[in-house]
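Summary of the model geometry
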Amino acid sequence: MADHTVTVTPSENGAQLAYSETFNVAVPFIDRHIDEGRGAKIVIRTLDGTVVTYSELARSVNRCGNALLGLGIEPGDRMLMIVKDCPEFFYLFWGAIKAGVVPVPLNTLLRATDYAYIIEDSGATMLVYSPEFSGEVEPALDKLKKKPKHAILTEGAGTTVRSLINEADAALDPAPATATSDAFWLYSSGSTGRPKGTVHLQRDIPTTCQLYATDVLGVTEDDIHFSAAKLFFAYGLGNAMSFPLWAGGTAILAAPRPTPELTFEVIETFKPTLYYGVPTLYAAQLAMLENATPDLSSVRYCVSAGEALPADIFRRWQEKTGLTILDGIGSTEALHVFMGNTPTDQRPGTSGHVVPGYEAKIIGDDGKEVPFGEAGTLLIRGNSVARAYWNKPEKTAETMLEGDWLFTGDTYRQDEDGYYVYEGRSDDMMKVGGIWTSPIEIEGRLIEHPKVLEAAIVARADKDDLIKPEAWIVLNDKAEAADDGAREALQKELHDHVKAGLAPYKYPRWWNFVDELPKTATGKIQRFKLRQPAS
């Protein structure tokens, strides 16, 4: 087998991937396309009209890698990226990997305190950021006694990524590596606690691309990918970069915040064949579809991850658009979707089945597998799981378990037909009247009501210190919550709606109407921010 190659062997239990002894993942994702005759094909389109061909991408990746080495960045050093969705993201990420440097894309929505923590935690030698994020990045640098050796903008005046690329050589030999060498990090968005640096290997990206993009979604080089989820986190990184590059397709990059108006405009203009969203956005898009009829005819599948997709959103989206949303679950640690519904097999309100090539089991508090149908914590295993958390051996030991199992922290059960049903985060589950209750189930019932746009349920202790559900509601018509009389009537209406559809003890005891819910960048509701002390 030639250097830097991967061989795929089909199997009933998921494709088997074999790697050459020397393997730098930038070669099959960047260089291979030139050898296969795609040099003139467009790989990236942006909203401002920028187009990048595969030949231009390969040259810019090489120039970027050489620029990093020319700055004295050494193989194994970390390069933090606080970069919007743009071609430079591709150049930096793959140029670093090809040069042996470790790229670390960061959430662009963080604040200075968060950035200061990550810069210090990572020990990064270099920091690259888009001008749009200067207001948080530069104060973060000012907080630090020990700063990165280099901190530069992607564009603008002076020394920037663009100026360095323009001056660097366009030929670069790939740094030696193996399939199990470190390649890149991602910091977990985390619904609780400090972000953790997840260390990913060279083989991790090809694994997700083959097992999910190719074998589940059927991605080909003819596909055009548009991801509302951004490149800086695991879901978006696959959707908008690694999936198109694996197949030789095209990515549409949109830097602005993904509003319903923007996403529909992008779909109408650029005609993607695959659209990747999150449940929160699908809900907002459905609200807009009440008064709009965008042309979505180019899309063959919609994909959802980040948080469980309620069955009602699945059904309403299908009724309004004729399109199917394929809901799945992934994580920063596992890199992309490891369990999901498929084009030929969907069950609304579930996460489908395990993606072939991965394994899953549900365990109880004793660490043993629970009987079929009972809820417990989901463990998964596969060749895209991160090696470790950087500099956190205790957290690594708690999460990356013996036998290469990943402790997801998600509570799941299997229904009578073996579909996996999400019951919430393990730390979001609540016992009401001594019975385990899922916030997801109550939230799903609430958003079936036509007046509710979004809902979050958290556990709250009452005056007797007994746990009961509390509701936080975003209405389609936010003005309705401003009037005391209307709010009281609506509260009763929602109370009756929940009790009519769920077991009586599951109805919320407190009601809060808000303009928006706190979320991570991936669209996960941060329920811990909504919890209140005992009343």
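In what follows, the structure referred to is the one given above.
Before going into details, it helps to say that this report is about the structure given with it. (Residues numbered from 1 in each chain as written. Predicted model: local features only at pLDDT ≥ 70, side-chain atom pairs only at ≥ 80, totals over all residues. Heavy atoms only, no water.)

**Some details on the overall build of the protein**
Each helix and strand counted, the protein has 14 helices and 28 strands in total. Taken over the C-alpha trace, the protein has a radius of gyration of 23 Å; the compact-globule value for 535 residues is 24 Å, and the two agree within 12%. When the backbone C-alpha atoms are referred to their principal axes, the protein occupies close to 70 × 50 × 50 Å. Within the protein, counting contacts between residues at least 6 apart in sequence, those at least 24 apart form 66% of the total. Taken as a whole, the protein presents about 21,600 Å² of accessible surface, with 48% of it coming from carbon and sulfur. On the protein, the mean spot of the 52 positive side-chain charges and the mean spot of the 73 negative ones are 3 Å from each other. (Helix = DSSP H or I, 4+ residues; strand = E, 2+ residues; numbered from the N terminus. Rg over C-alpha atoms; globule rule 2.2 N^0.38 Å. Contact = heavy atoms within 4.5 Å. Areas by Shrake-Rupley, 256 points an atom, 1.4 Å probe, with all protein chains shown as cover. Lys, Arg positive; Asp, Glu negative; His and termini not counted. Charge placed at Lys NZ, Arg CZ, Asp CG, Glu CD.)

**So, the nonpolar core**
If you look at the biggest cluster of nonpolar residues, it comprises 143 residues, and the most contacted ones within it are Phe90, Phe93, Trp94, Leu245 and Leu446. Setting aside residues no more than four positions away along its own chain, phenylalanine 90 makes contact with Ile44, Leu57, Val61, Gly95, Leu231, Ala240, Met241, Leu245, Ala251 and Leu253. In terms of nonpolar packing, the next biggest core, distinct from the first, is built from 23 residues, Val102, Ile119, Ala124 and Val137 among them. (Core = buried A, V, L, I, M, F, W, Y, C linked by side-chain atoms within 4.5 Å. Buried < 20%, exposed > 50% of the residue type's maximum accessible area, 1.4 Å probe, protein only.)

**Points about empty space enclosed by the protein**
One pass over the structure, following the stated rule, counts four cavities of 30 Å³ or more. One number sums up the size of the largest cavity: a volume of about 190 Å³. Elements represented by at least two residues in the lining of the largest cavity include exactly α10 (279–289), α13 (439–446) and β26 (452–461). (1 Å grid on protein atoms, 1.4 Å probe; cavity = no way out; pocket = protein on both sides within 12 Å on 5 of 7 lines; lining within 4 Å. Points joined across faces, edges and corners; volume = space filled by probe spheres on them.)

**With respect to the side chain of asparagine 239**
Structurally, asparagine 239 can be placed in helix α8 (residues 234–247). Of note is the side chain of asparagine 239, whose polar atom sits 3.0 Å from the backbone oxygen of tyrosine 235. Apart from the residues within four sequence positions on either side, asparagine 239 is in contact with His225, Ser227, Ala229, Pro244, Tyr276 and His336. (Polar contact = N/O pair within 3.5 Å; in protein donor to acceptor, adjacent residues only side chain to side chain.)

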